[in-house]
Amino acid sequence: MIRDVGKGSLPDEPLPVDIAILQQMFPNNTALVRKFGLKFIEVATDTVAEMRAAQADKALPELGRLGHKLKSSARTIGALGFADLCEDLERAGINNNWSDAESLLVVIPAVLEQIARQLEKEFVQMDSQDH
């Protein structure tokens, strides 16, 4: 069965979050799954805002640091592709590669939006299964 929860425009595009990873952290506890998912969205949204400010200041090392900051938490919730993008941003900062950083700063917020939409739908499904 092909799932369409949170997918982009391509039918075979993978979901941005492997929700099973987050659920394995908290078996049978949808409240904690939701809490951690929402906390990730909150922190990631704030960090993307910091990235935009660093981009405006042309602060490439700061962009790399912010990519590093988000990478681990993204992996923890199962947003592995997003974590890879953050790692690429971290690497762009280390390698002083402004072009790669700017390209990533277009993609990272868009993928974060996909993650937020997917988690919202996943939480609605969890709620319906809990009742």
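Look a little higher up for the structure.
What counts, and where the lines are drawn
Residues numbered from 1 in each chain as written. Predicted model: local features only at pLDDT ≥ 70, side-chain atom pairs only at ≥ 80, totals over all residues. Heavy atoms only, no water. Phe/Tyr/Trp six-rings, centres within 6.5 Å; stacked < 30°, edge-to-face > 60°. Helix = DSSP H or I, 4+ residues; strand = E, 2+ residues; numbered from the N terminus. Buried < 20%, exposed > 50% of the residue type's maximum accessible area, 1.4 Å probe, protein only. Core = buried A, V, L, I, M, F, W, Y, C linked by side-chain atoms within 4.5 Å. Contact = heavy atoms within 4.5 Å.

J.: How do you make sense of the packing of aromatic side chains when you look at a structure like this?
T.: How two aromatic rings sit relative to each other is set out by the distance from centre to centre and by the angle between their planes. One pass over the structure, following the stated rule, counts 2 aromatic pairs. Ring geometry for F26 and F36: centres 4.7 Å apart, planes at 45°, overall tilted. In this pair, F26 is assigned in the loop between helix 1 (19-25) and helix 2 (30-56) and F36 in helix 2, connecting sequence segments 10 residues apart. Aromatic pair F40 and F82: ring centres 6.0 Å apart, planes at 85°, arrangement edge-to-face. Pair noted here: F40 is in helix 2 and F82 is in helix 4 (residues 80-94), with a separation of 42 residues, a long-range link. Summarising the burial analysis for this pair, F40 and F82 share the class buried.

J.: Honestly, the nonpolar core in this entry has me stumped. Any pointers?
T.: Nonpolar side chains in soluble globular proteins tend to end up buried together. Of all hydrophobic cores here, the largest spans 34 residues; its most connected members are F40, M51, F82 and I115. For this core, the elements supplying multiple residues, two or more each, are helix 1, helix 2, helix 3 (60-77), helix 4 and helix 5 (98-130). The dominant element in this core, judged by the number of residues it contributes, is helix 5, at 10 residues. Sequence-distant contacts of F40, defined by excluding residues within four places in its chain, comprise L70, S73, A74, I77, F82, L112 and I115.

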